[in-house]
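Observations on chain architecture
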Protein chains: 2
Amino acid sequence: MKITIKEVAQAANVSIATVSRVLNGKNKVKPSTREKILHAIESLNFQPDQNARTMINKTTKTVGMLVPELKNEYWMLLLDVIQKELWEQGYTLIIGSTDHQVEKETAFVKSFVEKRVDGIIYSSSVMESAEEMSGIIQLAKKYDIPMVTLNPSISQANCVFGDHIQGASDATEHLIGLGHRHIAYIGGRSVSTKRELGYRNAFMMNNLVVNEALIQRIPGLPTFEAGYEAAHQLLLSGEPFTAIFCGNDVLAFGTIKALEEHGKSVPGEIAVVGYDDVHSARLLKPALTTVRQPIQEIGRSLVELIMDSSSKNLNQTVPKKIIYRMQLIVRDSCGAGLKKEVKN
Amino acid sequence: MKITIKEVAQAANVSIATVSRVLNGKNKVKPSTREKILHAIESLNFQPDQNARTMINKTTKTVGMLVPELKNEYWMLLLDVIQKELWEQGYTLIIGSTDHQVEKETAFVKSFVEKRVDGIIYSSSVMESAEEMSGIIQLAKKYDIPMVTLNPSISQANCVFGDHIQGASDATEHLIGLGHRHIAYIGGRSVSTKRELGYRNAFMMNNLVVNEALIQRIPGLPTFEAGYEAAHQLLLSGEPFTAIFCGNDVLAFGTIKALEEHGKSVPGEIAVVGYDDVHSARLLKPALTTVRQPIQEIGRSLVELIMDSSSKNLNQTVPKKIIYRMQLIVRDSCGAGLKKEVKN
DNA sequence: CTGAAAGCGCTAACAG
DNA sequence: CTGTTAGCGCTTTCAG
């Protein structure tokens, strides 16, 4: 039932070598035999076996991508660009989601290696550099598989990432510019610690000191509920504040809900700024002021880096680090519009 | 640099056959040699080449999934379950998004076939059955690749799908039960036509007749903007109505925005019901009444069907069709809570 | 231009 | 229990 190059050769009355030649467009083949073969391929609906080819070419035209989770707008958008970009270049994408279980990472990478993917795009489930990671890097290196990561903490690998210190700093600075002095922060280890750092940076740059009591570090995943809970705590603490900067948008949504339940209007009494610019950020009321990541560009860079390092196999060189600027998107939740009105 | 079974055999002082045996756990191997080999594998960090194995086993432990788009909550959620479920079974997932370009479908499926995936999960970019599709089915069949689709219109393939007639009917009926008689519908060919049919079904069941002037069929993709525009048209038409049933949630969000801009309160003056129950449906104000698809179950069924048909290769039998009930989620936008209050 | 033949890395008889 | 050997489907010298 399954058609192989042999059947094609038979049908076209040539040797398999010649069929292979027209398949690969190498070595001139007489136009007439070429036609015959093409016709046989067509009528038999022959699809060459990539696996057999791989054994010789040593290339699978496949790259593997490992992410901590899938059902999240950020990853989905990234996945989308990457898959498209890869397809353009004739590559296909294998995906793996660890669902935040770090233990799964090695298993996934091993399966990528076994499949002999041409490259791996790796984003760890843990934020700080761990042994886990370096083991993974070693494995990939051993099998000469180019790897590019989204974790800047991995020093030995090529990397693409957003400048979250700058992004968070810009967001906080915007709040400061609006006159706020008591600005809370809701984040935690699961949202890049860089964001908290950026928040602190903005205070430093303005010779302000952060009130540690206004920092809420959530223990688990940065969900709507976590944001709700953190804002609730903030309110209960009695510590005064007029603004909250949240490590991500979903956290901000939860925060806003808590605030409203406590009768605090947003942005009237409390200004809120998020991070990521998820789609619904512009839909909710008030529309969320947030920080946008250039996901398209990040995705494209990722693919570009992988392609580069798989062509020249000189991944011996110094790892390339590409960093992207974040963009502050001012909408309603920070009260920027409101203040202006007051001023006028 | 690359380690093969040969190097392992050498290191352990055995033949490659024996290494293969411990790799596959078949045929008893003397514990001591077994240990030696295991040790060699470990220390050399040997990862067997799947491609080579595939040539013999005729199985890639990979399934390909083709979807019309990725950046959309529905697909993301589905992708998530499927990838997880597959991983549990020791399979990996290749994904392809056509981005609604039907022309790309064949190319994707061909690449799946070339990779000799063990199964294909296929959701077409076009709603109605087309020649395109049957070509794809044929191709998969020719190479004995089990295929399961999400398009009920493809008669020759196994299929899993939601009962959108029932879902849409339930939603509409709920509105009717609330006392509404002039219910508009916003949908179009890009959102399953089944939903419009369900809407009509509810009218029929209640001996009501639909006012065709209240049906808005959007031409392109069912986006926020499209919903906004359609609702706008409805308002301009002057045709009276007290409720709108939207073919999906995003459409509903756009609809609500248009309504509010026209000073119509939701659900006070106009009730709105969506479809899909995307995450932000519960976040927006008013919280959207909508219809939920059992995505988890759908995903699981899909994987199950693929696995089944790849083990028994009797895909000669009658295609299996699995249909899932949709669930109405009543929240605020339909005014169900409101009416009750009035009544009491 | 085209065919014969040698593998790619691995598994599966078939003998020892 | 273990080694030898013949392929899997394809590409690539190496000779015609």
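Residues numbered from 1 in each chain as written. Chains lettered and ligands numbered in written order. Predicted model: local features only at pLDDT ≥ 70, side-chain atom pairs only at ≥ 80, totals over all residues. Heavy atoms only, no water.

**Observations regarding unusual backbone geometry**
A cis geometry characterises the amide bond from Val266 of chain B onward to Pro267 of chain B, with omega recorded as 5 degrees. For Pro267 of chain B, the position within the fold is in the loop between helix 11 (249-261) and strand 9 (271-273). Between Lys285 of chain B and the following residue, Pro286 of chain B, the backbone shows a cis peptide bond with an omega angle of -5 degrees. Topologically, Pro286 of chain B is positioned in the loop between strand 9 and strand 10 (290-292). Phi at Asp99 of chain A takes a positive value of approximately 55 degrees, unusual for a residue other than glycine. (Helix = DSSP H or I, 4+ residues; strand = E, 2+ residues; numbered from the N terminus.)

**Quick notes on the pairing of strand 6 (residues 183-188) of chain B**
Residue and element names in this part refer to chain B. Extensive coverage of strand 6 is indicated by the burial of 6 of its 6 residues. Residues Ile183, Tyr185 and Gly187 line one face of strand 6 and the alternating positions Ala184, Ile186 and Gly188 line the opposite face, and both faces are buried. As defined by bridge partners, strand 6 adjoins strand 8 (residues 243-246) across 4 bridges and the pair is classed as parallel. Note on strand 8: the bridge partner recorded for Tyr185 is Phe245. A crossover links strand 6 with its parallel partner strand 7 (residues 215-218), the connecting element being helix 9 (residues 193-205), and its sense is right-handed. (Buried < 20%, exposed > 50% of the residue type's maximum accessible area, 1.4 Å probe, protein only. Pairing = 2+ DSSP bridges. Right-handed = clockwise from strand over helix to strand, strands pointing away.)

**Here's the deal with the protein's contact with DNA strand D**
Of all residues adjacent to DNA strand D, which total 26 residues, the nearest are Ile5, Arg53 and Ile56 of chain A together with Thr18 and Arg21 of chain B. Close to the protein, within 4 Å, the atoms of DNA strand D are drawn from sugar and phosphate at a rate of 64%. One nitrogen or oxygen atom from the main chain of Asp49 of chain A is found 3.2 Å from a phosphate oxygen belonging to DNA strand D. Here Ala52 of chain A contributes a backbone N or O atom positioned 3.4 Å from a base nitrogen of DNA strand D. The residue makeup of the surface near DNA strand D, split by class, is 13 nonpolar, 6 polar and 7 charged. (Near = heavy atom within 4 Å. Polar contact = N/O pair within 3.5 Å; in protein donor to acceptor, adjacent residues only side chain to side chain. Nonpolar A, V, L, I, M, F, W, Y, C, P; charged D, E, K, R; others polar.)

**Remarks on helix 10 (residues 224-237) of chain B**
All names here are of chain B. For helix 10, built from 14 residues, the straight-helix expectation of 20 Å at 1.5 Å per residue is met to within 8% by its first-to-last C-alpha distance of 20 Å. For helix 10, every residue scored as buried is listed here: Phe224, Ala226, Gly227, Ala230, Ala231, Leu234 and Leu235. In this fold, the buried residues of helix 10 make contact with strand 6, strand 7, strand 8 and helix 11. Following helix 10 by one or two positions, Gly238 adopts a phi angle in the positive range, close to 80 degrees. (Expected span 1.5 Å × (residues − 1). Contact = heavy atoms within 4.5 Å.)

**A closer look at the relation of the copies chain B and chain A**
Rotating chain B by 180 degrees and moving it 0.0 Å along the rotation axis overlays it on chain A with an RMSD of 0.1 Å. The transformation just described matches what one would write down for a two-fold rotation axis. The C-alpha atom lying nearest the rotation axis in chain B is that of Ile94 of chain B; the distance is 2.2 Å. Taken as a fraction of all interface residues of chain B, those also at the interface in chain A reach 98%, which identifies the copy contact as same-surface. (Least-squares fit on C-alpha atoms with pLDDT ≥ 70 in both.)

**A word on the side chain of Thr60 of chain B**
Inspection of the secondary structure puts Thr60 of chain B in the loop between helix 4 (50-57) and strand 1 (62-67). Within the local environment of Thr60 of chain B, its side chain forms a polar contact with the backbone oxygen of Arg116 of chain B, the two atoms lying 2.8 Å apart. Excluding its chain neighbours within four sequence positions, the residues that come into contact with Thr60 of chain B are Asn51 and Lys115 of chain A together with Gln50, Thr54, Lys115, Arg116, Val117 and Asp118 of chain B.

**Topic: the packing of helix 5 (residues 73-88) of chain A against helix 12 (residues 295-311) of chain A**
Describing two packed helices takes the angle between their axes plus the distance from one axis to the other. Residues and elements named next belong to chain A. Two elements in contact, helix 5 and helix 12, have axes separated by 9 Å at closest approach and are oriented at 45 degrees. It follows from the interaxial angle that helix 5 and helix 12 lie oblique. Where helix 5 crosses over helix 12, the two elements pack in a sense that is right-handed. Note on element contacts: helix 12 touches helix 5 through Ile295, Gln296, Ile298, Gly299, Arg300, Leu302, Val303 and Met307, opposite Tyr74, Leu77, Leu78, Val81, Ile82, Glu85 and Leu86. Per-class residue counts for the contact of helix 5 with helix 12 are 11 nonpolar, 2 polar and 2 charged. (Axes fitted to C-alpha atoms, helices over the stretch in contact; angles between N-to-C directions. Parallel < 35°, antiparallel > 145°, perpendicular 65-115°, else oblique. Left-handed = near helix turned anticlockwise from the far one by under 90°.)

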